[in-house]
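Given next are the chains, with one letter for each unit.
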Amino acid sequence: MKDLSLNASHARLFTAIAMTLALTACQKLGGIAASGGDKAQNLTVGETVSGEITSSSTLNYNDGSRHQGYKVTMKSGEAVSLELGGSLSGQLAVFDGQNMIANASSSGMSEGDSTGSSVNLAFRAPKDGNYLVAVNSASADAFGPFKLKAAKVVPYDGKPLGADSEATDWLMGEKQEYKLKIDKAGLYAITLESSAFDAYLRLNGRNVELEDDDNGGNLNARIRTYLEPGEYTIAASSVNGNTGSFKLNVKLTPTENGLITRDGTALTIGQTAQSMMDSRGRRTFVLNLDAPKHIQFDAIADGFDSVLKITGPGVDQEDDDGGNGTNAQLTLDLRAGRYIVAVTSLGNQQGVFELETTDLGGGDVAAPANSNRKDAAEEAAADAAAAVIN
């Protein structure tokens, strides 16, 4: 019995030691805040520091990755942007004691070294004090040098945006809203550009409710629409959850002959008609020809998939993607007469588009035919099938 009692005592002691070690490990789990603070180097806002994650860097017990900690002193309400560059595949996290208040991983949009991806993070201090910035490796086998840049963020002054205005700011949370005041009716392009995150843009006000993701190119967002005088709200946000710097600009686009906002407008060959869809995602035009012509029609849309349909003497043709991208194009031999040219959008989307009419000259008008690529391909296929049968 004595031996059994001794064994039980040893078992209890072993269990107590194991629990203590487990609790210690839990404190270090994601334990950058618990263990990194004492070894953290100083990081001054406005400066760039260099470092390297190696096998001797502090271990994160939850996933086997490594980290390096930096201490930054901030005042309540002060905003700081962090940029992690270099060949390290890494992540950034900011801690207030044991609480993580911000984090970001690679967006995949590198601004510098092609062997690594930059990580951008902006945060605002909730109180006076020291904050721990942790540079983490993305995985247990990720190592390499890095540069960490800290810069002060000067927030946008809050004044309403207007025609031909621009604001440079930092995305600090899920979204940020800006007031837009329009004094003159016209065609406006609103663009949200960032190399730090995948931009997403929303516009609301005066019966306008529009949103966009990638129409600005390179993961930038752009909304191009006709706006009446009044007040609107622009919301800037990120698709991938990252934060960072961005530019928001508003431009008034001149329209040579005015923006067409009603059906039945006459087309002039050789001139570009700038127009916008009605609430049904449709707009119709009239083309009058006093002589036969070989005409190319292009419906160039901004932010939606355009469809062209032309009806008239001996013609009833439609096209979806015959032009560049999702733009519609029709090339027709037309007799003299009156034609209805309709531009619609797939899904009844609203937006702005341009309708170009080009006189190609020549052309056999005795038998009107659509030279659209899709129809031509179908006709060729039909001829080939007939030849096989014969």
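Please read all numbers here as calculations on a predicted model, not as lab measurements.

Some details on the overall build of the protein chain
And then number 1: When helices and strands are tallied, the protein chain shows three helices and 27 strands.
And then number 2: A separation of at least 24 residues holds for 73% of the contacts in the protein chain among residues at least 6 apart in sequence.
And then number 3: If you sum the accessible surface of the protein chain, you get close to 20200 Å²; carbon and sulfur atoms cover 48% of it.

Looking at the side chain of Q176
And then number 1: Of note, Q176 is situated in strand 12 (residues 175–182).
And then number 2: Reaching out from Q176, the side chain makes a polar contact with the backbone oxygen of W170 at a distance of 3.1 Å.
And then number 3: Contact partners of Q176, with chain neighbours within four places excluded, come to D169, W170, L171, I234, A235, A236 and F246.

Brief notes about the sheet that holds strand 2 (residues 48–53)
And then number 1: Ordered in space as 2-10-5-8, the four strands form an open sheet in which the pairing is antiparallel. Unpaired on one side and paired on the other, strand 2 and strand 8 (119–124) mark the two borders of the sheet. Ignoring strand direction, the axes of neighbouring strands in this sheet form an average angle of 20 degrees.
And then number 2: Summarising the sheet, strand 5 (residues 79–85) and strand 8 pair through six bridges and their orientation is antiparallel. Within the sheet, the bridge partner assigned to S81 lies in strand 8 and is A122.

Notes on the confidence of the model for the protein chain
And then number 1: Confidence along the protein chain averages 80 in pLDDT terms, with 79% of residues attaining 70 or more.
And then number 2: Every residue in residues 366–382 scores below 50 in pLDDT, and together they form 25 contacts with partners more than four places removed in sequence or on other chains.

Section: the packing of aromatic side chains
And then number 1: Within the structure shown, the criterion is met by five aromatic pairs.
And then number 2: Look at Y70 and F146: their rings are 6.4 Å apart centre to centre, the planes differ by 90 degrees, and that puts the pair in the edge-to-face class. Taken together, the residues span a long stretch of sequence, with Y70 in strand 4 (residues 66–74) and F146 in strand 10 (residues 144–152) at a distance of 76 residues. Neither Y70 nor F146 differs from the other in exposure class; each is buried.
And then number 3: Ring-pair connections join several aromatic residues into one group, and the members of that group are Y178, F197 and F246.

With respect to the environment of N60
And then number 1: Along the chain, N60 falls in the loop between strand 3 (58–59) and strand 4.
And then number 2: For the pair N60 and S137, spaced 77 residues apart in sequence, the C-alpha to C-alpha distance is 9.6 Å.

Section: the pairing of strand 17 (residues 230–238)
And then number 1: Most of strand 17 sits inside the fold, with eight of its nine residues counted as buried.
And then number 2: Note: strand 12 against strand 17, eight bridges, orientation antiparallel. By the bridge assignment, Q176 is partnered in strand 17 with A236.

Quick notes on the rules
Residues numbered from 1 in each chain as written. Predicted model: local features only at pLDDT ≥ 70, side-chain atom pairs only at ≥ 80, totals over all residues. Heavy atoms only, no water. Helix = DSSP H or I, 4+ residues; strand = E, 2+ residues; numbered from the N terminus. Contact = heavy atoms within 4.5 Å. Areas by Shrake-Rupley, 256 points an atom, 1.4 Å probe, with all protein chains shown as cover. Polar contact = N/O pair within 3.5 Å; in protein donor to acceptor, adjacent residues only side chain to side chain. Pairing = 2+ DSSP bridges. Axes fitted to C-alpha atoms, helices over the stretch in contact; angles between N-to-C directions. pLDDT = per-residue confidence, 0-100. Phe/Tyr/Trp six-rings, centres within 6.5 Å; stacked < 30°, edge-to-face > 60°. Buried < 20%, exposed > 50% of the residue type's maximum accessible area, 1.4 Å probe, protein only.

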